[in-house]
Amino acid sequence: MEVFRERRRRVLAALDGVALLISAPETIRNHDVHHAYRQDSDLFYLTGFEEPESILVMSSVHPEHQSVLFVRERDPEREVWDGARAGVEGAKASCGVDATFPISEFEAKIGDYLEGADTLHYVLGQQPSFDTIVLEGIEKARARGRSKKAWPQTIRHPQALWHEMRLIKSDAELEAMRRAATISAEAHCRAMAACQPGMYEYEIEAVLKQTFLTAGAARVAYNPIVGSGPNATVLHYVENRRQMQDGELLLIDAGCEYAFYAADITRTFPVNGRFSEAQRQVYDVVLAAQDAAIAETKPGSNIDAVHEVAREHLVRGMVEMGLLEGDVATLIEDDSYKRYYMHRTSHWLGMDVHDVGAYYVGGECRPFEPGMVITVEPGIYIAADDEKAPEAFRGIGIRIEDDILVTEDGNVNLTANVPRKPDEIERVCLA
Ligand code: GLY
Ligand code: MN
Ligand code: MN
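Right, let's walk through the structure included here. Just so we're clear, the structure is a prediction, and the values are computed from it rather than from any experiment.

A closer look at the site of ligand 1
Thinking step 1. Residues in close proximity to ligand 1 include Tyr222, Asp253, Asp264, His347, His354, Glu377 and Glu401, which together make up its full environment.
Thinking step 2. Histidine 347 is positioned such that a nitrogen or oxygen atom in its side chain is 3.0 Å from an oxygen atom of ligand 1.
Thinking step 3. Glutamate 377 places a polar side-chain atom, nitrogen or oxygen, 3.1 Å from an oxygen atom of ligand 1.
Thinking step 4. Burial of ligand 1 by the protein chains amounts to 83% of its free accessible area of 190 Å².

Spelled out as structure tokens, the structure:
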């Protein structure tokens, strides 16, 4: 409770007006069945509250209530079916906010909380049906404005407030991220050891998920990609139904979520445990690009610089392998390399796999600071039907992805427990 209270204190210290955070919506999968529920990261970050139908209001203008939580009321009948609810009193005790109210009173009360505030910090457009309620609340506050009190004339995205805080990870957050990274690394090692020609991609997905859940991870951080052979070149492949063949590569992009923090790891390894010459050639290029990009991940550098370093290595390798012809600078300049490397190299990582935080500040790419975590994930993807590519390389897709914490004097690879070097990978595969 103290961790969440302290976070709210920090937001309140910078808050000019009112901030409104809404729980993630529950989504129906089909009759009477919901998709598994996961709280909105922002709301969890500031409350630790995991129930749906909840709203946090923070105010720098209300005379008594700086933090208010609207929650579901206790309902013994529903609780028989869905499990216990904190209720109005329980939520107040467990979250340490100044006041709690039933969610059913939100529409009646929101006008009161908006009164006196010039600015509302709220993600407009995230839940459109809720926007209407918020805008009506503003209208109510305005209609009372014949009094001297202000009403929100500005709605601001909260990026500058708690998203800035989320970008720099505290020691406690890093502990959760390390745990997510360690469990996910273990899952990748097990997948390498388990994989055999003739198995199906979903059998490897099962190994990954079994490892995550057995270790106490709540869920996957995103749908695992288990793409063998030509599927390794499909960037968002999540079907995972194919039978894996001798001589192919398997690309796995999978990470768990532990205590609301994500890991995001990709490894590519031979289904039979031994890289072919062509596979190793491409692999070595991607590995060298990743090594250089990781070395670039340090205070003062930035995410564009990391991308540029990786891209330079990849494009040079593409030319050496005969995938592209011409001079490296021109192939970058005219985007020709995007035929084989179509995504960027890094994103912020945290509670969300593609985490919050501004990438550019004042038009400049933001310099890295200790406590930021990024992925470094270069790749080369050569479509099976790419007739321009030398035949030996067609159908090869390789990505290597690690989670890199920026520290005072450089960086720490949180996911270093999974081997990246081809010889080490072969050793784990054949163990
Ligand atoms: N797994 C999602 C990503 O690598 O960005
Ligand atoms: Mn990633
Ligand atoms: Mn990934």
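Here we look at the sheet that holds strand 7 (residues 119-121)
Thinking step 1. In spatial order, the strands read 6-5-4-1-7-8; together these 6 strands make up an open sheet with mixed pairing. Pairing within the sheet leaves two strands with one partner each, and these edge strands are strand 6 (99-102) and strand 8 (154-156). Mean inter-strand twist for the sheet, computed between neighbouring axes without regard to direction, equals 20°.
Thinking step 2. Relative to strand 8, strand 7 is paired through 3 bridges, and the arrangement is parallel. The residue of strand 8 that forms the bridge with threonine 119 is threonine 154.
Thinking step 3. Relative to strand 6, helix 4 (residues 87-95) is tilted by about 155°, and along the sheet it contacts strand 5 (67-71) and strand 6.

Some remarks on the coordination of the manganese ion (ligand 2)
Thinking step 1. Taken together, the protein ligands of the manganese ion (ligand 2) are Asp264 (OD), His347 (NE2), Glu377 (OE) and Glu401 (OE), with distances of 2.0 to 2.2 Å.
Thinking step 2. Relative to the metal, the 6 donor atoms surrounding the manganese ion (ligand 2) lie at angles of 51 to 154°, and the coordination shape comes out irregular.
Thinking step 3. Binding-site remark: the manganese ion (ligand 2) is held by donors from one chain whose sequence spacing is D-x82-H-x29-E-x23-E.
Thinking step 4. Between the manganese ion (ligand 2) and the manganese ion (ligand 3) the interatomic distance amounts to 3.3 Å, and aspartate 264 serves as a bridging ligand to the pair.

Quick word on the packing of helix 8 (residues 171-194) against helix 9 (residues 201-214)
Thinking step 1. Closest axis-to-axis distance for the helix 8/helix 9 pair is 9 Å, and the angle between their directions is 145°. Considering the relative orientation of helix 8 and helix 9, their crossing is right-handed. Of the residues in helix 9, those in contact with Ile183, Ser184, Glu186, Ala187, His188, Arg190, Ala191 and Ala194 of helix 8 are Ile204, Val207, Leu208, Gln210, Thr211 and Phe212.
Thinking step 2. Classifying every residue of the contact of helix 8 with helix 9 by side-chain character gives 8 nonpolar, 4 polar and 2 charged.

Quick notes on the nonpolar core
Thinking step 1. Among the nonpolar cores identified, the biggest contains 58 residues, and Ile204, Leu250, Ile252, Met318, Leu323, Ile380 and Ile382 are the most heavily contacted of them.
Thinking step 2. Considering every element that reaches this core, the biggest residue donor is helix 10 (residues 277-295), with 7 residues.
Thinking step 3. Look past the residues within four positions of isoleucine 204 in its chain and what remains in contact with it is Ala191, Ala194, Cys195, Met199, Val226, Met244, Leu250 and Ile252.
Thinking step 4. Judged by nonpolar contacts, the second largest core, of 37 residues, contains Leu12, Leu349, Leu405 and Leu414.

Describing the coordination of the manganese ion (ligand 3)
Thinking step 1. Coordination sphere of the manganese ion (ligand 3), protein contribution only: Asp253 (OD), Asp253 (OD), Asp264 (OD) and Glu401 (OE), at 2.1 to 2.4 Å.
Thinking step 2. The sequence motif formed by the donor residues of the manganese ion (ligand 3) is D-x10-D-x136-E.
Thinking step 3. The class for aspartate 264 is buried, based on a relative accessible area of 3%.
Thinking step 4. The exposure class of glutamate 401 is buried, given its relative accessible area of 0%.

Things to note about the pattern of salt bridges
Thinking step 1. Taken as a whole, this structure holds 29 salt bridges when the rule is applied.
Thinking step 2. Between aspartate 355 and arginine 166 there is a salt bridge, with its nearest N and O atoms 2.8 Å apart. With a gap of 189 residues between them, aspartate 355 in the loop between helix 12 (328-333) and strand 15 (360-361) and arginine 166 in helix 7 (residues 162-167) connect regions that are remote in the sequence.
Thinking step 3. The class of arginine 166 is buried, set by a relative accessible area of 2%.
Thinking step 4. A salt bridge links glutamate 205 to lysine 209; its shortest N-O distance comes to 2.7 Å. Of this pair, glutamate 205 and lysine 209 both sit in helix 9, 4 residues apart, which is roughly one turn of the helix.
Thinking step 5. The partly exposed category is assigned to lysine 209, whose relative accessible area is 33%.

Looking at the sheet that holds strand 21 (residues 410-413)
Thinking step 1. In space, the 3 strands of this open sheet follow the order 17-20-21, with antiparallel pairing throughout. Edge strands, defined here as strands with exactly one partner in the open sheet, are strand 17 (373-376) and strand 21. Within the sheet, the average angular offset between the axes of one strand and its neighbour, ignoring direction, is 35°.
Thinking step 2. Relative to strand 21, strand 20 (residues 402-407) runs antiparallel, the two sharing 4 bridges. Each bridged residue has a counterpart across the sheet, and for isoleucine 404 the counterpart in strand 21 is asparagine 413.
Thinking step 3. Along the sheet, helix 10 contacts strand 17, strand 20 and strand 21; its crossing angle with strand 17, the most-contacted strand, is approximately 160°.

Some thoughts on the side chain of glutamine 127
Thinking step 1. Relative to the helices and strands, glutamine 127 resides in the loop between strand 7 and helix 6 (128-143).
Thinking step 2. Among the polar contacts listed, one links the side chain of glutamine 127 to the backbone oxygen of serine 23, at a separation of 2.9 Å.
Thinking step 3. If we ignore the near neighbours within four places in the chain, the residues touching glutamine 127 are Ile22, Ser23, Ala24, Pro25 and Tyr122.

Remarks on helix 9
Thinking step 1. Taking 1.5 Å per residue, 14 residues should reach 20 Å; helix 9 reaches 20 Å between its end C-alpha atoms and fits that length.
Thinking step 2. The set of residues buried in helix 9 consists of Glu201, Ile204, Glu205, Leu208, Thr211 and Phe212. In a view along the axis of helix 9, the buried residues occupy a sector of 130°, so they form one face of it. Turned more than 90 degrees from where helix 9 packs its buried face, Leu213 and Thr214 sit exposed.

Quick notes on the rules
- Throughout, residues of each chain are indexed from 1 in the direction in which the sequence is written.
- Here chains are named by letter from A upward and ligands by number from 1 upward, in the order in which they appear as written.
- With the structure being a predicted model, the display of local features is reserved for residues of pLDDT at least 70 and the display and counting of side-chain atom pairs for 80 or more, all residues being used for whole-chain, interface and lining totals.
- Side-chain calculation: all heavy atoms of the structure are included, whereas hydrogens and water are not.
- For this description, a residue counts as near a given molecule or strand if any of its non-hydrogen atoms is within 4 Å of it.
- Each polar contact in these results corresponds to two N or O atoms within 3.5 Å; when the atoms are within protein, one needs to be able to donate a hydrogen and the other to accept it, and residues that are neighboring in sequence are counted only if both atoms are side-chain atoms.
- Computed by Shrake-Rupley with a 1.4 Å probe, the accessible areas treat only the displayed protein chains as cover when residues are assessed.
- At least two DSSP bridges between two strands are needed for those strands to be called paired.
- Think of it this way: any DSSP run of H or I at least four residues long counts as a helix, any run of E at least two long counts as a strand, and we number them from the N terminus.
- To get an axis, fit a line to the C-alpha atoms, keeping to the stretch in contact for a helix; angles then go from 0 to 180 degrees between the N-to-C directions.
- A contact between two residues is defined here by any heavy atoms of the two lying within 4.5 Å.
- Listed donors are limited to N, O and S atoms within 2.8 Å of the metal, widened to 3.2 Å for Na, K and Ca; water is not among them, so incomplete-looking sites are possible.
- When four donors show all angles between 85 and 135 degrees the site is tetrahedral, when four or six donors have opposite pairs over 155 degrees and all other angles between 65 and 115 it is square planar or octahedral respectively, and in every other case it is irregular.
- Here is the rule for handedness: rotate from the far helix to the near one, and if that takes an anticlockwise turn smaller than a right angle the crossing is left-handed, while a clockwise turn gives right-handed.
- Residues are grouped as follows: nonpolar covers Ala, Val, Leu, Ile, Met, Phe, Trp, Tyr, Cys and Pro; charged covers Asp, Glu, Lys and Arg; every other residue, Gly included, is treated as polar.
- Residues enter a nonpolar core if they are buried and are Ala, Val, Leu, Ile, Met, Phe, Trp, Tyr or Cys, with the set joined through side-chain atoms within 4.5 Å.
- Each residue's exposure class comes from its accessible area (1.4 Å probe, protein chains only) as a fraction of the maximum for that residue type: buried when under 20%, exposed when over 50%, partly exposed otherwise.
- By definition here, a salt bridge exists when the distance from a side-chain nitrogen of Lys or Arg to a carboxyl oxygen of Asp or Glu is within 4 Å.
- To estimate how far a helix should extend, the number of its residues minus one is multiplied by 1.5 Å.
- For this quantity, the arc is that covered by the directions from the helix axis to the C-beta atoms.

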